[in-house]
Amino acid sequence: MPSVPATTSTTTSTSAPAGTAASTLLGKDEFLKLLVGQLKNQDPLNPTTDTDFIGQMAQFAQLEQTTNMATANERLVAEQRGARAVALLGRTVTYPDATTGVPTTGVVQRVDWLDGRPSLSVGGAAGIEPDSVTAVQ
């Protein structure tokens with residue numbers, strides 16, 4: 001297989017949840033750039049074989065499907081998180097107070113979405129993370 005000139009690339013993950021490190025794996029855009037660079041710079045007297053090219057295309061197809069599956073999984077998790085929050089409406093829940101950490105109990109009166117994530121209003125206190133709920137009655 002012909003050599004490809006060295007390139008410098010920075011990969012960032014735009015679909016990673018907040019608080020996670022940027023992906024160090026080759027993304028689909030970088031893979032395409034690498035493949036095009038390889039095709040541009042291959043030796044015309046020793047071209048890439050059909051099997052090598054087909055293998056690379058199969059890898060790209062697999063990368064694309066993995067990316068699609070990860071996106072679908074993120075969407076599913078977000079929908080499940082929202083459904084769990086809505087299911088708490090009218091229920092009595094216990095959660096740690098944000099400032100004191102003392103367990104607080106109240107009835108979930110409302111669910112809002114802030115930046116695509118559900119947020120509960122419990123007993124007049126807004127901004128309660130559904131994941132922080134420690135008990136449901």
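Going by the structure above, here's the rest.
Below you will find a few notes about this structure. (Residues numbered from 1 in each chain as written. Predicted model: local features only at pLDDT ≥ 70, side-chain atom pairs only at ≥ 80, totals over all residues. Heavy atoms only, no water.)

### Observations regarding unusual backbone geometry
Rules: A run of H or I in DSSP becomes a helix once it reaches four residues, and a run of E becomes a strand once it reaches two; helices and strands are each numbered from the N terminus. Classification of residues uses two cut-offs on accessible area relative to the type maximum, computed with a 1.4 Å probe and protein chains only: under 20% is buried, over 50% is exposed, and between them is partly exposed.
One non-glycine residue, D115, lies in the positive phi region at around 55 degrees. Here D115 is to be found in the loop between β2 (103–114) and β3 (117–122). Classification of D115 by relative accessible area gives exposed; the value is 82%.

### Here's the deal with the pairing of strand β4 (residues 125–128)
Using the following cut-off: Only when DSSP finds a minimum of two bridges between them are two strands counted as paired.
Pairing between β3 and β4: two bridges, direction antiparallel. Bridged to V122 within β4 is A125. Linkage of β3 to β4, two consecutive antiparallel strands, is achieved through a turn of two residues, within which G123 is found at a positive phi near 55 degrees.

### Looking at the pattern of salt bridges
This is how it is decided: A pairing counts as a salt bridge when a side-chain nitrogen of Lys or Arg comes within 4 Å of a carboxyl oxygen of Asp or Glu.
Applying the stated rule across the entire model yields three salt bridges. Across the pair R110 and D112 runs a salt bridge whose closest N-O atoms are separated by 2.8 Å. One salt bridge in this structure joins R117 and D131, with 3.8 Å as the shortest N-O distance. Placement of R117 in strand β3 and of D131 in the loop between β4 and β5 (135–136) is noted, with a sequence separation of 14 residues between them. With a relative accessible area of 49%, D131 lands in the partly exposed category. The structure contains a network of salt bridges with shared partners spanning R117, E129 and D131.

### Quick word on the side chain of S119
Short version of the rule: Under this definition, polar contacts are N or O atom pairs within 3.5 Å; protein pairs additionally need one hydrogen-donor-capable and one acceptor-capable atom, and for neighbouring residues in sequence, both atoms have to be side-chain atoms.
Note on placement: S119 falls in strand β3. Within polar-contact distance, the side chain of S119 engages the backbone nitrogen of G127 at 3.5 Å.

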